[in-house]
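This is what each chain is made of:
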Amino acid sequence: MPRIGALAARSARPTRSAVVLGGAATALLLTFACRAGGPNGPRIQVTIPEGASLSAAADSLRAHGVIGSTGAFTFYARLLGKSDDIKAGTYEFTPNRPVLSVLKTLTSGREALQRLVIPEGLRLTEVADYVAQQLGIPAQDFVAAAHDTVLARRVGAAEGTLEGYLYPSTYLVRHGVTAPEVVRMMVEEFEARWQPSW
């Protein structure tokens with residue numbers, strides 16, 4: 001008759017089937033976490049609103065085809081202590097991204113950027129038209145923002161308008177940028193590049 005201590009020790013050890021089952025579950029989770037979609041697939045933009053819950057973010061990513069499993073995404077976010085670290089914003093992905101890659105992007109806040117190209121020699125209303133076409137900001141909002149008296153005083157604009165102080169260049173801006181933000185960015189670029197000797 002076996003001793004009681006030996007029976008307890010034997011029952012405390014995992015059975016072979018439990019080890020195999022645990023290994024299979026781990027392999028399945030790693031497959032979800034690390035599987036990669038095609039890097040050359042179509043670009044998908046997903047907006048995570050301010051205050052969105054982890055499950056709402058996962059549902060949106062799944063609905064857009066960015067991830068294959070909301071369960072794997074939320075599991076890894078919680079496992080890594082990142083469930084409260086997802087940052088609001090508009091992000092760009094390709095389909096079926098690895099869960100860990102998507103999680104890293106959302107917690108780093110690396111939002112998708114838009115290109116704004118402003119050529120030289122434009123009047124204020126023409127710059128406003130370019131901004132409207134490329135960023136969707138109404139031209140009249142941009143013109144109004146270009147009459148910012150505080151900025152105009154700072155650069156010494158005599159007529160209270162920033163026409164002539166909006167530096168022509170190529171800018172990378174986040175989605176949802178506002179007219180005042182674009183004007184400020186262009187004026188700051190002007191200030192950084194302007195040489196008084198010119």
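Being a predicted model, the structure only gives us computed values, none of them experimental.

On to the overall build of the protein, then. Helix and strand content of the protein: 9 helices and 4 strands. Scanning the protein from its N terminus toward the C terminus, one meets helices and strands in the order α-α-β-α-α-β-α-β-α-α-α-β-α. Taken across its 198 residues, the protein has 32% of its residues classed as buried. Counting every atom, the protein has about 12000 Å² of accessible surface; 54% of that belongs to carbon and sulfur.

The next subject is helix α4 (residues 70-79). Side chains that are three or four residues apart share a direction in an α-helix, a result of its 3.6 residues per turn. Every buried residue of α4 is accounted for by Ala 72, Phe 73, Thr 74, Tyr 76 and Ala 77. Regarding α4, its N-cap is Ser 69, as a side-chain oxygen of that residue lies 3.3 Å from the backbone nitrogen of Gly 71 further along.

Put simply, helix α3 (residues 54-63) and α4 touch, their axes get as near as 9 Å, and they point 140° apart. When the interaxial angle is binned, α3 and α4 end up oblique. In the packing of α3 onto α4, the handedness of the crossing is right-handed. Within the contact between the two elements, α3 uses Leu 54, Ser 55, Ala 58, Asp 59, Leu 61 and Arg 62 and α4 uses Thr 70, Phe 73, Thr 74, Ala 77 and Arg 78. Residues belonging to the contact of α3 with α4 are distributed by class as follows: 5 nonpolar, 3 polar and 3 charged.

Here we come to a nonpolar patch on the surface. Judged by side-chain polarity, Phe 75, Leu 79, Leu 80 and Leu 100 come together as a nonpolar surface patch covering roughly 360 Å² of accessible area. For Phe 75, the position within the fold is in helix α4.

Moving on, we come to the nonpolar core. If you look at the biggest cluster of nonpolar residues, it comprises 27 residues, and the most contacted ones within it are Val 131, Phe 142, Leu 162, Leu 166, Val 182 and Val 183. Contributing elements (two or more residues each) for this core: α6 (124-135), α7 (139-145), α8 (149-155), β4 (170-174) and α9 (179-193). The leading source of residues in this core is α9, at 6 residues. When neighbours within four sequence positions are excluded, Val 183 is seen to be in contact with Phe 142, Ala 145, Ala 146, Leu 151, Leu 162 and Leu 166. Counting residues in each nonpolar core, the second largest holds 20 residues, with Ile 44, Leu 54, Ala 57 and Leu 61 among its members.

About the thresholds
Residues numbered from 1 in each chain as written. Predicted model: local features only at pLDDT ≥ 70, side-chain atom pairs only at ≥ 80, totals over all residues. Heavy atoms only, no water. Helix = DSSP H or I, 4+ residues; strand = E, 2+ residues; numbered from the N terminus. Buried < 20%, exposed > 50% of the residue type's maximum accessible area, 1.4 Å probe, protein only. Areas by Shrake-Rupley, 256 points an atom, 1.4 Å probe, with all protein chains shown as cover. Polar contact = N/O pair within 3.5 Å; in protein donor to acceptor, adjacent residues only side chain to side chain. Axes fitted to C-alpha atoms, helices over the stretch in contact; angles between N-to-C directions. Parallel < 35°, antiparallel > 145°, perpendicular 65-115°, else oblique. Left-handed = near helix turned anticlockwise from the far one by under 90°. Contact = heavy atoms within 4.5 Å. Nonpolar A, V, L, I, M, F, W, Y, C, P; charged D, E, K, R; others polar. Patch = residues over 30% accessible without salt bridge, like charges linked within 9 Å, V, L, I, M, F, W, Y side chains within 5 Å. Salt bridge = Lys/Arg side-chain N within 4 Å of Asp/Glu carboxyl O. Core = buried A, V, L, I, M, F, W, Y, C linked by side-chain atoms within 4.5 Å.

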